[in-house]
Amino acid sequence: MNDLFIDVDYAQIYKDGQKIGGDVFLLSRNPEKDQIVCTLSDGLGSGVKANVLASLTARMAHKLSFSPMDLTRSARIIMNTLPVCKERKISYATFTIADLRMLPSDQVALNLVEYDNPPALAFQGGRSVQWDIEHIDLQRDGAFKKEVLGHSMLTLPIGSRLVIFSDGVTQAGMGKSLPLGWRLDGVREFTRNQIEANPDISSHDLAQAIVCRAHSLDRLSAKDDITCMVVYVRRPRRTLVVTGPPFTKEHDEQLVQKIKDFEGRKIVSGGTTAQIVSRIMQKPLKVDMSCWSAQVPPCSMMEGIDLVTEGMLTLSKVATALEQKKPVRSMTNDAVKKFIQVMQESDQVHFIVGTKINEAHQDPSIPVEIGIRRNLIGRLRRALEDVYLKETSQEYI
Amino acid sequence: MGKKEKVRVQICVGTACFVQGGADLLLYNEFLDPAVLGGCEIEGVSCLGGCKEAEAKDRPPYVRIGEKVYGNVNQEMLCRLLAEATRA
C-alpha cells in the first residue's frame, strides 16, 4: 500500500432553479501509474446546453491528458470540436485540468492546465503558495477571442492543498452582499482561515465549506453554478480490523504482536477475540452499557484499542449499511455507527481474520445472518472498495 | 450497621446470548424493581463461555450473579434471582 494519499473531492450547488449543472467535474484514478486526473469545466450559459458543452470539454480534456499528446494541440482539438451556441454564435467552455502523479520522494507532481477558469489556489498547511504560470497563446484559426492557456508544473509536498473552482464561487454575492462578488482574495482568505481553524480538514469538508459560504453570499439563491474541488496530499489514515480468534492458540501472541506493531486506529471485533487480546495485553475489558441497540450488542472499552465490538452481528450490520450507503447521521448511537465512522475516516483498512470456528454459532436456532466470517469480510471489503473507494487488504491467522 | 455490599451481576453480551434473549435483559433499568436495582452492580461481559460447553444443560442467555452462572435467563427470572440475591 502507498505511503502517500491524494484526497480529492468536490462540492457543487446548481444555479437557482436549474435541475442540471453547467459545471462538470470528472475524476479518474490510474492505480498502476499512481496517477489521478481531475477536470473541472464550466460551459457557456446554464442548464442542459451548458452541461453538454462542459461534459464534452471535461471528457475530452480528461481523455487527452492521459495521452502523450502535446497540451496546446489537445486544447485546439477541444475548441475546434465544441458546438456553436445558437444565440451567441460562439463555442465556449472553460476548463482546468489537474494531472497528479505520485513521486517516489513522498511528493506529488502536479501538471496544471487552466483556461479561463479562476486561477487555482495552492496552500502549504495554512500558508498560501504563489507560483509562476507559463502563458501559452493558442493563436487558433477562427478564434473569436484571444485564447491563452495557463500552464504550470508544481511539486506538492505532504500537507499541501490545491483548490480549484468555477466563477460561480468568485462571483458569489455580486451585486448583493458584495459589489464585485467574493473575488479571488476573498476565497483565498476564507480557505486559509478554514485550514488554520482545522489543519486536518478533509477535501470533502473544505469543498463543502467553500461552496456553502459562496451560496450564503448569494443569499441562498445561486446566480451561477457553484463548484469547488479540493486536492489534499497527506499520509494515509490507516485502520486495522481484527476479527475472530486465531486457528490455534499458539498464534494468539502473534496476533497481539501484530496489533501492537500496527500504526493507526485499531478495531477488535468479536467477544472471544477481545478476551484473547485483553488477556495477553493485560488490559481489562469493560462493556460500555451506554451504547447499544436492539440490533447489536454493546461496545467495550480497552486501553490501546480504539473500538471493541461484538463480532458477527455487528460486522453483518456494518456491511449492509455500507452497501446501502446509509448516512451516519441517521443511525442510532451503537457499535455499527461507531464502526462506520472509523471506516469513513480511514483511507486504508487492513483486516486480520481469525479462522477458528465458534461452536456456539453452529446452533441452528440462531439467526441466519451469522454467516461465515470470511464471506462477511468479503462483503465488507467490496463495499469499502466499490462504494467508498478505500484501499483494503487482508490476512488470515 | 455496616453498609451492605452490592451484588455483582454480569450479563453476557456475546453474539449467541445477545440474539437468544440477552438483548431483553439489557433493558434491566426498565423492568427491575428500583430497590433491587440499587442493591446490584450490573455490567456487561464479552462472553461468559457458557455457550461453548459441550455438555451444557442450559442454553443462552447466561448471567452471572455473584459467583454462580445461570443459563436460560429471561426478564422474569432475572427479577426473581436478583430479588433473592439482594435479600440475602
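The structure this text deals with has already been given above.
Residues numbered from 1 in each chain as written. Chains lettered and ligands numbered in written order. Predicted model: local features only at pLDDT ≥ 70, side-chain atom pairs only at ≥ 80, totals over all residues.

**Description of the sheet that holds strand β12 (residues 238–243) of chain A**
Residues and elements named next belong to chain A.
Now for step 1: The strand order across the open sheet formed by seven strands is β14-β15-β16-β13-β12-β17-β18, and the pairing between neighbours is mixed. The open sheet has two edge strands with one neighbour each: β14 (286–287) and β18 (391–396).
Now for step 2: In this fold helix α9 (residues 335–344) packs onto β12, β13 (265–269), β16 (305–309) and β17 (348–353), with an angle of close to 140 degrees to the strand it touches most, β16. (Pairing = 2+ DSSP bridges. Helix = DSSP H or I, 4+ residues; strand = E, 2+ residues; numbered from the N terminus. Contact = placed C-beta atoms within 7 Å. Axes fitted to C-alpha atoms, helices over the stretch in contact; angles between N-to-C directions.)

**Side note on the interface of chain B and chain A**
Now for step 1: Counting from both sides, the interface comprises 16 residues of chain B and, opposite them, 22 residues of chain A.
Now for step 2: For the side of chain B that touches chain A, the secondary structure elements donating two or more residues are α1 (15–25) and β2 (40–45) of chain B.
Now for step 3: When residues in the side of chain B that touches chain A are grouped by element, the largest group, six residues, is from α1(B).
Now for step 4: Residues of the side of chain B that touches chain A, tallied by class, amount to nine nonpolar, five polar and two charged. (Nonpolar A, V, L, I, M, F, W, Y, C, P; charged D, E, K, R; others polar.)

**As for the environment of A:Q208**
Residues and elements named next belong to chain A.
Now for step 1: Structurally, Q208 is set in helix α5 (residues 203–217).
Now for step 2: On the basis of neighbour count, Q208 is assigned to the partly exposed category, with 18 C-beta atoms found within 10 Å.
Now for step 3: Separated by 197 residues in sequence, Q208 and A11 place their C-alpha atoms 5.4 Å apart. (Buried ≥ 20, exposed ≤ 12 C-beta atoms within 10 Å, placed from the backbone.)

**Considerations on unusual backbone geometry**
Now for step 1: A cis amide bond, omega 0 degrees, links B:P60 with the succeeding residue B:P61.
Now for step 2: Even without a glycine there, the phi angle at A:D106 is positive, about 60 degrees.
Now for step 3: Relative to the helices and strands, A:D106 resides in the loop between β4 (93–103) and β5 (107–115).
Now for step 4: Taking the number of C-beta atoms within 10 Å as the measure of exposure, A:D106 has 12 and is therefore exposed.
Now for step 5: The backbone phi angle of A:R219 is positive, close to 50 degrees, even though this residue is not glycine.

**Observations concerning the sheet that holds strand β1 (residues 5–13) of chain A**
Residues and elements named next belong to chain A.
Now for step 1: With antiparallel pairing, five strands are arranged side by side in an open sheet as β1-β11-β10-β6-β7. With one partner strand each, in any of the chains shown, β1 and β7 (127–129) form the two edges of the open sheet. Strand-to-strand, the axes of this sheet are offset by a mean angle of 25 degrees, without reference to chain direction.
Now for step 2: As paired strands, β1 and strand β11 (residues 226–234) are joined by nine bridges and run antiparallel to one another. What sits directly across from I13, in β11, is I226.
Now for step 3: Contacts between helix α4 (residues 183–197) and the sheet are confined to β6 (121–124), β7 and β10 (160–165), with β6 contributing the most and set at about 30 degrees to the helix.

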